[in-house]
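Chains, contacts and geometry: an overview
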Amino acid sequence: MTEPFTQAAGDRIVLIADELASGRLDAWLAGAVSGEISRSRIKLLIQEGAVSVNGVVAQEPKQKIKPSDQVEIIMPEAADAQPRAENIPLDVLYEDDDLIVITKQAGLVVHPGAGNGSGTLVNALLHHCGNSLSGIGGVKRPGIVHRLDKNTSGVMVVAKNDYAHRHLADQFADHGRTGPLQRAYMALVWGCPEPLKGTINAPLGRAGSDRTKRAVKKIDSADTRHAITHYLVRQRFGLTAGRDVIASLVECRLETGRTHQIRVHMEHAGHPLVGDPEYGLAFRSKINILPSPAKALVSQFQRQALHAFLLQFEHPRSAQTLRFEAPLPTDMQNVIDAFGALSS
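Quick look at the structure, then.

Calculation notes
Residues numbered from 1 in each chain as written. Predicted model: local features only at pLDDT ≥ 70, side-chain atom pairs only at ≥ 80, totals over all residues. Heavy atoms only, no water. Core = buried A, V, L, I, M, F, W, Y, C linked by side-chain atoms within 4.5 Å. Buried < 20%, exposed > 50% of the residue type's maximum accessible area, 1.4 Å probe, protein only. Pairing = 2+ DSSP bridges. Helix = DSSP H or I, 4+ residues; strand = E, 2+ residues; numbered from the N terminus. Contact = heavy atoms within 4.5 Å. Axes fitted to C-alpha atoms, helices over the stretch in contact; angles between N-to-C directions. Arc of directions from axis to C-beta. Parallel < 35°, antiparallel > 145°, perpendicular 65-115°, else oblique. Left-handed = near helix turned anticlockwise from the far one by under 90°. Nonpolar A, V, L, I, M, F, W, Y, C, P; charged D, E, K, R; others polar.

Looking at the nonpolar core
Among the nonpolar cores identified, the biggest contains 31 residues, and Leu-121, Leu-125, Tyr-185, Cys-252, Ile-262 and Met-266 are the most heavily contacted of them. Ala-247, Phe-301, Leu-310 and Phe-339 belong to the second largest nonpolar core, which has 23 residues in total.

Side note on the sheet that holds strand S10 (residues 204-207)
Spatially, S11-S10-S12 is the arrangement adopted by the three strands of the open sheet, whose pairing is antiparallel. This sheet does not close on itself; its edge strands, each paired only once, are strand S11 (210-216) and strand S12 (224-225). Sheet topology note: the S10/S11 ladder contains four bridges and is antiparallel. In the strand pairing of S11, Leu-204 is matched with Val-216. Along the sheet, helix H5 (residues 261-268) makes contact with S10 and S11, crossing S11 at roughly 45°.

A short note on helix H7 (residues 330-340)
Considered for burial, the residues of H7 that qualify are Met-332, Val-335, Ile-336, Ala-338 and Phe-339. Buried positions in H7, seen along its axis, are confined to an arc of 160° and lie on one side of it. Buried positions along H7 lie against strand S8 (182-190), strand S13 (228-237), strand S14 (247-254), helix H6 (294-300) and strand S15 (306-314).

Quick look at the packing of helix H1 (residues 25-32) against helix H2 (residues 39-47)
At their nearest, the axes of H1 and H2 sit 9 Å apart, and the two run at 130° to each other. On the basis of their axis angle, the class for H1 and H2 is oblique. In this structure, the crossing between H1 and H2 has a hand that is right-handed. Touching Leu-25, Asp-26, Ala-27, Leu-29 and Ala-30 of H1 are Arg-39, Ile-42 and Ile-46, all from H2. Of the residues contributing to the contact of H1 with H2, the split by class is six nonpolar, no polar and two charged.

Structure follows, in structure tokens:
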């Protein structure tokens, strides 16, 4: 009856009616797609103007189909569900009519997604800021101009209106090349990077079929983007006579902002983050060589030891340079203190 049902690139479906085609457009389409789309759904798509015949938008479901007609369906994207406001405490560092700066705690997801429909930073912001965030940056990401991984703590800024959102988004896209934007992190890593100050320039892309993980790849590989991290070793732990450095506290500054960038770059350099459940598993055996209480504390530390301690940017309306710092969270500081005791 028709060419086999296929969905072309993106959300465009094209079908060609054969020489026996006749009857209502909605009925013919329901048969042509072999149950992939219900007749009621097809009828609604036609009424919404998402179906065209020979390049002309179909007017109604009962429109007649003829042999050799070319029928095109543009499948609309599913509408995002509106996140609910939830009374989740926020650590607010600064707030005005244009933006809010907070310290995100480890374990808090930034915005709703698969498996995280509630309990996110967005849910908390909607409760705290009310309707001012509505629609800014998208239904599921209102006001969000940058993000931190679920188990990374630290400073974040959120826009409260479209003007601020556009201005801040431009600054983050520029990565501080022409403005005052600075983003700095403290990372607790195994071993010690050499040299003590340097730059990791290694392109990142998806790690195989896992859509959530990243890996260093050749720049000409599919879905690969350049990524640059500048680092400076701030402290070394366990450095005593006859013993290698066990761990180091490293300041990392981003020249680009790729998913899991610091975590993957430090793993690529041979110094994954302490506690990293995705990129540091090969170093879990190092815990066994630690004396107590460091061994117990590191064993119980089940997240990557990464904290966004510094955020600096230009205020979108006043043009004033704002700078915010957040101290290391208690769980990460406790592990650092335990490592520090190894050098004494």
